[in-house]
Amino acid sequence: MSMPNIPDIKPEITLKREEAINLLLTSIALEEIGLSHIINAEGEKIQYFIKEHSVGLEDVLRINRSVEIMLRNVIKNQMLLQFKLEDIIRLEEMMNHECEECNFEE
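A brief report on the enclosed structure follows. Because the structure is a prediction, the values reported are computed rather than measured.

Right, let's talk about the pattern of salt bridges for a bit. Inspection of every chain in the model, using the stated rule, returns six salt bridges. With a shortest N-O distance of 3.4 Å, Lys84 and Glu31 are connected by a salt bridge. Of this pair, Lys84 sits in helix α2 (residues 57-105) while Glu31 sits in helix α1 (residues 17-52); the two residues are 53 residues apart in sequence, bridging distant segments of the chain. Exposure remark for Glu31: the relative accessible area of 33% places this residue in the partly exposed category. Through salt bridges that share partners, Arg65, Glu68 and Arg72 make up one connected network.

Quick look at the nonpolar core now. If you look at the biggest cluster of nonpolar residues, it comprises seven residues: Ile21, Ile28, Leu35, Val74, Leu81, Ile88 and Met95. When contributions to this core are tallied by element, the ones reaching two or more residues are α1 and α2. Per element, the largest residue contribution to this core is four residues, and it comes from α2. In this view, Met95 contacts Arg17 and Ile21; residues no more than four positions away in its chain are not counted.

The rules behind these values
Residues numbered from 1 in each chain as written. Predicted model: local features only at pLDDT ≥ 70, side-chain atom pairs only at ≥ 80, totals over all residues. Heavy atoms only, no water. Salt bridge = Lys/Arg side-chain N within 4 Å of Asp/Glu carboxyl O. Helix = DSSP H or I, 4+ residues; strand = E, 2+ residues; numbered from the N terminus. Buried < 20%, exposed > 50% of the residue type's maximum accessible area, 1.4 Å probe, protein only. Core = buried A, V, L, I, M, F, W, Y, C linked by side-chain atoms within 4.5 Å. Contact = heavy atoms within 4.5 Å.

Note that all results are geometric; they support no functional claim without further evidence.
Now the structure itself:
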């Protein structure tokens, strides 16, 4: 049995800084949409549980704990997205500052 012949593929992607920043902002927006779906699903879970079951205190506490854990994870992700956004803003400011210096020197 011979080894497969794998072609040497070297994809070249060239992006301008502005395009890269737009892609980063888009990735944040998509993650935010995903998190909003998770939050919505948690609300629907609570509604379904309360409608379909006769709930006691223990049941309410258990579902509350489950939702709390998920929301804590969403908040952690939100914090990371905030850091990412702040880094992008800083990058944009640096880019604008460099452009101003280039124009000033001319």
